[in-house]
Amino acid sequence: MNFIFLGPPGAGKGTLAAQVAKEYGIPHISTGDIFRAAIKNQTELGKKVKSIIDAGGLVSDDITCALVEDRLKEDDCKKGFILDGFPRTIPQAEMFEKLKGDVQVVNFEVNNDLIIARLSNRRVCKACGHNYNVKFHPPKVEGKCDECGGELYTRDDDKLESITNRLEVYRKQTEPLIDFYRKLNKLTDIDSARDSELVLVDFKKIFPAK
């Protein structure tokens, strides 16, 4: 089963993707992970990406799609995959349709107020990277990680000004993809304003594992 997860930052895509990946036995793939792996492995495309990023440029749609295509050829994608953060633009979506048309697109619906509450209250462990939310899922001891006792901090991109900017960029660049996939009858809306376990229950009803 092949999935694309669409939704603004803080919509819960990453949380559900991790749960679905585990239950369905398919990899959760983000473009950031693909870029980092290609750079680390020093592939030809990885070298191109590194030179572009080092120069402060944006990786082109062509190179991004080529990297995704390479990643989907790996053995762990034989049963399917979850793409998170790709495609970001209509040109990327059009390229991907030619490459891999058999996908289900899940659109995570959540309002801006809840997104801001989720992200601005998020805390991350400096040591192990575990995520908490001081409003919804706080640690047992304030400022300390339950898993390893490490110090919790607020990421720069979880500060209010950054969140507002990220949402604006998403609405402009990526939201048009919702209409693109709806016209292709590939889009399923899912209410992600609820606890992730409830979202997972709905997801499994809509897309029963094969």
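These remarks concern the structure in this document. Keep in mind it's a predicted model, so treat the numbers as computed, not measured. (Residues numbered from 1 in each chain as written. Predicted model: local features only at pLDDT ≥ 70, side-chain atom pairs only at ≥ 80, totals over all residues. Heavy atoms only, no water.)

Taken as a whole, the second largest pocket holds about 240 Å³ of empty space. If you trace the second largest pocket, you find 14 residues lining it, with I34, A37, A38, R71 and E74 closest to the centre. Elements with a minimum of two residues in the lining of the second largest pocket: β2 (28-30), α2 (31-40) and α4 (61-72). Tallying contributions element by element places α2 first for the lining of the second largest pocket, with four residues. (1 Å grid on protein atoms, 1.4 Å probe; cavity = no way out; pocket = protein on both sides within 12 Å on 5 of 7 lines; lining within 4 Å. Points joined across faces, edges and corners; volume = space filled by probe spheres on them. Helix = DSSP H or I, 4+ residues; strand = E, 2+ residues; numbered from the N terminus.)

Moving on, we come to the pattern of salt bridges. Per the stated rule, a full pass over the model turns up 20 salt bridges. Put simply, E74 and R71 hold a salt bridge, and the shortest N to O gap is 3.4 Å. Using a relative accessible area of 17% as the deciding quantity, one classes R71 as buried. Across the salt bridge formed by K78 and D75, the nearest N and O atoms sit 3.7 Å from each other. Taken individually, K78 and D75 each receive the classification exposed, so the pair is uniform in this respect. Several salt bridges converge on common partners, so that one network encompasses R122, R155, D157, D158 and R166. (Salt bridge = Lys/Arg side-chain N within 4 Å of Asp/Glu carboxyl O. Buried < 20%, exposed > 50% of the residue type's maximum accessible area, 1.4 Å probe, protein only.)

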